[in-house]
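Spelled out from the first residue to the last, the chains are:
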Amino acid sequence: MPLDENLFTLKIRRSEEEPGALDLADPKGQLYYRKRFIPPQKVGDAATPPLYDLWDPMSDSLLSTMSASKETLSKRRSIHLYNPPEEVEMSFTGTINFRWQFQWEEHMFEFKREECFLLRRPDPPVLVAVYEFERKQNKADVGLVQLLDYNLTRFDIEDRKGLEIVILTGLLSFQDAITGQPDNAGGPPPEASMLTRVTSFGTSSANAAPVPQLPPKDVGMQVSGLQIREKAAPNEVIVTSMFEMEEYAQYAANLLKDDKMLFIVVRSKTALEVPKVVAVASLVKRLRYKGGAHDEELYQYAKYQEAEEKKGPRIINLDGPPKE
């Protein structure tokens, strides 16, 4: 669904006041929210998972915190709200499609790619938010988001402001998967004095250890985001030069774990990536049979599509034979 210019719109921009942060402002520049990324903190022998906060920049009050452990980042994330405190769990519910669900009051909501729906089974879902991220790097504008108030008012929702904060906090966590870019791309992290705050791990900024390097990104989510951007079919894996063949192979092997997935297609869009496609397909077979977990034979079929030769316009000579 394209964004409607007549609806209330928030632009997601890289902050000019605070390098590394993202500002959410209306088209006139009125600032509503600010996202601040907080790198992991060293607590004992372990590092806390990456976090980011959503702030009200006018009152400088903390609204929400997104957190997840490294082990559960691709399946489960937590949103902690403040004033009043509330914990909201987001769970990945798709098999091969991009679907995340959370519950607010008695209603269930679902993120699907670049849209958020209120689920009303067995009735059709109702669209409540639309968002899109800028896919070009080094852009001041990161994306746009719209909340469809005319749909939200149809339902009995007591804390609509809290729901707005949850939706915004959740969708900002999908930025990597959709765009393939880091959360704070385009700028350095905020100042250390701001980053040393820990909200729930029992340490103070005075005793905090030096901030370690950020852990590697969840490559599986980034490969999934690439398939979304390339508009791949649910059973397709489009191979590009962006990731290593092992990462594509692992993603493809995970698709085959679904019993409903009868076959997958591994392909490229250019001839340059054909050798990489062949290598990925071979590695998928090795991963599947590793450990002897699968008894069924996995068959591989290769198909090369020749580029169609472009034919020029047909020339018809209307002149007669040359005169002698």
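Our subject is the structure that appears above.
It should be emphasised that the depicted structure is a prediction, and the values quoted were computed from it without experimental measurement. Sequence order as written defines the numbering, with residues in each chain counted from 1. Local features in this predicted model are restricted to residues of pLDDT 70 or higher, and side-chain atom pairs are both shown and tallied only at a pLDDT of 80 or more, whereas totals for entire chains, interfaces and linings draw on every residue. Excluding hydrogens and water, the side-chain figures rest on all heavy atoms present in the structure.

Asks: Before we go on, may I ask you to explain the side chain of glutamine 101 in this structure?
Replies: Here a strand is any run of E in DSSP of at least two residues, a helix any run of H or I of at least four, and the numbering for each starts at the N terminus. With respect to the helices and strands, glutamine 101 occurs in strand β10 (residues 99-104). Pairing of N or O atoms within 3.5 Å defines a polar contact, subject to two protein rules: one partner must be a possible hydrogen donor and the other a possible acceptor, and residues neighboring in sequence count only if both atoms are side-chain atoms. A polar atom in the side chain of glutamine 101 sits 2.9 Å from the side chain of glutamate 110. With residues near it in sequence (within four places) discarded, glutamine 101 still touches Glu89, Met90, Ser91, Thr93, Met108, Phe109, Glu110, Leu119 and Arg121. The contact definition used throughout considers only heavy atoms, calling two residues in contact when any of these lie within 4.5 Å.

Asks: How should I be thinking about the packing of aromatic side chains in this particular structure?
Replies: Between two aromatic rings, the relevant description is the distance of the centres plus the angle of the planes. The pairing test for Phe, Tyr and Trp rings, Trp by its six-membered ring, is centres within 6.5 Å, and the orientation test on the planes gives stacked under 30 degrees, edge-to-face over 60, and tilted for anything in between. Summed over the entire model, instances satisfying the criterion amount to four aromatic pairs. Ring geometry for phenylalanine 102 against phenylalanine 109: centres 5.2 Å apart, planes inclined by 10°, an arrangement best described as stacked. By relative accessible area, which is 1% here, phenylalanine 102 ends up buried. On the basis of an interplanar angle of 70° and a centroid distance of 6.3 Å, the ring pair of phenylalanine 111 and tyrosine 131 is categorised as edge-to-face. In this pair, phenylalanine 111 sits in strand β11 (residues 107-112) while tyrosine 131 sits in strand β13 (residues 123-133), placing the two residues 20 residues apart along the sequence. Look at phenylalanine 111 and you get buried, because its relative accessible area is 0%. Only protein chains enter the accessibility calculation, which uses a 1.4 Å probe. A residue is then buried if its area is under 20% of the maximum for its type, exposed if over 50%, and partly exposed in between.

Asks: Any chance you could explain helix α7 (residues 274-289) here in plain terms?
Replies: The periodicity of an α-helix, 3.6 residues per turn, causes residues three or four places apart in sequence to face the same way. Taking 1.5 Å as the rise per residue, α7 with 16 residues should run 22 Å; its terminal C-alpha atoms sit 24 Å apart, in good agreement. Structurally, α7 contributes buried residues whose contacts are with β15 (236-239), α6 (245-256) and β16 (265-268). The span you would expect from a helix comes to 1.5 Å times its residue count less one.

Asks: What's the story with the pattern of salt bridges in this structure? I'm lost.
Replies: Any two side chains of opposite charge can pair if their charged atoms end up close together. For salt bridges, the criterion is a side-chain nitrogen of Lys or Arg within 4 Å of an Asp or Glu carboxyl oxygen. This model, assessed by the stated rule, comprises eight salt bridges. Shared partners join several salt bridges into a network, and the residues in it are Glu17, Glu18, Asp23, Arg34, Arg36 and Asp60.

Asks: When you look at the pairing of strand β8 (residues 76-81) in this model, what are you seeing that I'm missing?
Replies: Here is the key point about a regular strand: its side chains alternate between the two faces of the sheet. A pair of strands counts as paired when DSSP detects no fewer than two bridges linking them. Bridge analysis of strand β7 (residues 61-67) against β8 gives four bridges, and the strand direction is antiparallel. Each residue of the ladder has a partner; that of serine 64, found in β8, is leucine 81. A loop of four residues connects β8 with strand β9 (residues 86-92), the two strands running antiparallel in sequence, and asparagine 83 in this loop sits at a positive phi of about 50°.

Asks: Quick question: what am I supposed to make of the pairing of β15 here?
Replies: Going residue by residue along β15, you find Glu236 and Ile238 tucked away on one face and Val237 and Val239 tucked away on the opposite face as well. Relative to β16, β15 runs parallel, the two being bridged by four bridges. Bridging across to β16, glutamate 236 finds its partner in valine 265.

Asks: Where do I start with the side chain of glutamate 236 in this structure?
Replies: As for its placement among the helices and strands, glutamate 236 is situated in strand β15. We classify glutamate 236 as buried; its relative accessible area is 15%. Of note is the side chain of glutamate 236, whose polar atom sits 2.9 Å from the side chain of arginine 267. Excluding residues that lie within four positions of it along the chain, glutamate 236 makes contacts with Gln227, Leu255, Val265 and Arg267.

Asks: Just to check I follow, could you spell out the nonpolar core for this structure?
Replies: The tendency in soluble globular proteins is for nonpolar side chains to be buried as a group. Buried residues of nine kinds, namely Ala, Val, Leu, Ile, Met, Phe, Trp, Tyr and Cys, make up a nonpolar core once their side-chain atoms join them within 4.5 Å. Counting 42 residues, the largest nonpolar core has Phe102, Trp104, Phe109, Phe111, Ile167 and Leu171 as its most contacted members. By residue number, the principal contributor to this core is helix α2 (residues 160-172), which donates seven residues. Apart from residues no more than four positions distant in its own chain, phenylalanine 111 is found in contact with Met90, Phe98, Arg99, Trp100, Phe102, Cys116, Tyr131, Ile167, Gly170, Leu171 and Phe174. If you look at the next biggest cluster of nonpolar residues, it comprises 20 residues, including Leu226, Phe243, Ala252 and Leu283.

Asks: Which parts of the structure should I look at to understand unusual backbone geometry?
Replies: Most peptide bonds take the trans form, and the phi angle of most residues other than glycine is negative. The residue after asparagine 83, namely proline 84, is reached through a cis peptide bond having omega 0°. Mapped onto the elements of the fold, proline 84 is located in the loop between β8 and β9. With an omega of 5°, the peptide bond running from arginine 121 to proline 122 counts as cis. Tracing the backbone shows proline 122 in the loop between β12 (115-120) and β13. Phi angles above zero are rare outside glycine, and aspartate 60 is one such case at about 55°. Looking at the secondary structure, you find aspartate 60 in the loop between β6 (51-56) and β7. You will see that glutamate 105, though not glycine, has its phi angle at about 55°, which is positive. Looking at where glutamate 105 falls in the secondary structure, it is placed in the loop between β10 and β11.

Asks: Can you help me understand the packing of α6 against α7 in this one?
Replies: Helix-helix packing: each pair is described by the crossing angle between the helix axes and the interaxial distance. Each axis is a line fitted through C-alpha atoms, and for a helix only the stretch in contact is used; angles between axes span 0 to 180 degrees, taken between their N-to-C directions. One can describe the packing of α6 onto α7 by two numbers: an axis separation of 8 Å at closest approach and a directional angle of 50°. Overall, the two elements α6 and α7 adopt an arrangement that is oblique. Seen from above, α6 lies across α7 with right-handed handedness. Facing α6, whose interface residues are Met245, Glu246, Tyr248, Ala249, Gln250, Ala252, Ala253 and Leu256, α7 presents Lys276, Ala279, Val280, Leu283, Val284, Leu287 and Arg288. Three classes are used: nonpolar for Ala, Val, Leu, Ile, Met, Phe, Trp, Tyr, Cys and Pro, charged for Asp, Glu, Lys and Arg, and polar for all others, with Gly counted as polar. Residue classes in the contact of α6 with α7 are distributed as eleven nonpolar, one polar and three charged. The cut-offs work like this: below 35 degrees is roughly parallel, past 145 is roughly antiparallel, 65 to 115 is roughly perpendicular, and the gaps in between are oblique. Handedness of each helix crossing follows the sense of rotation of the near helix against the far helix: counterclockwise by less than a right angle gives left-handed, clockwise gives right-handed.

Asks: Is there a simple way to think about a nonpolar patch on the surface in this case?
Replies: Together, Leu262, Phe263 and Val265 make up an exposed nonpolar region whose accessible area comes to about 330 Å². Tracing the sequence through the fold places phenylalanine 263 in the loop between α6 and β16. Only residues whose relative accessible area exceeds 30% and that form no salt bridge are eligible for patches; like-charged ones are grouped when within 9 Å, while nonpolar side chains (Val, Leu, Ile, Met, Phe, Trp, Tyr) are grouped when within 5 Å. Calculation of accessible area relied on Shrake-Rupley with a 1.4 Å probe; when residues are assessed, cover is drawn exclusively from the protein chains displayed.

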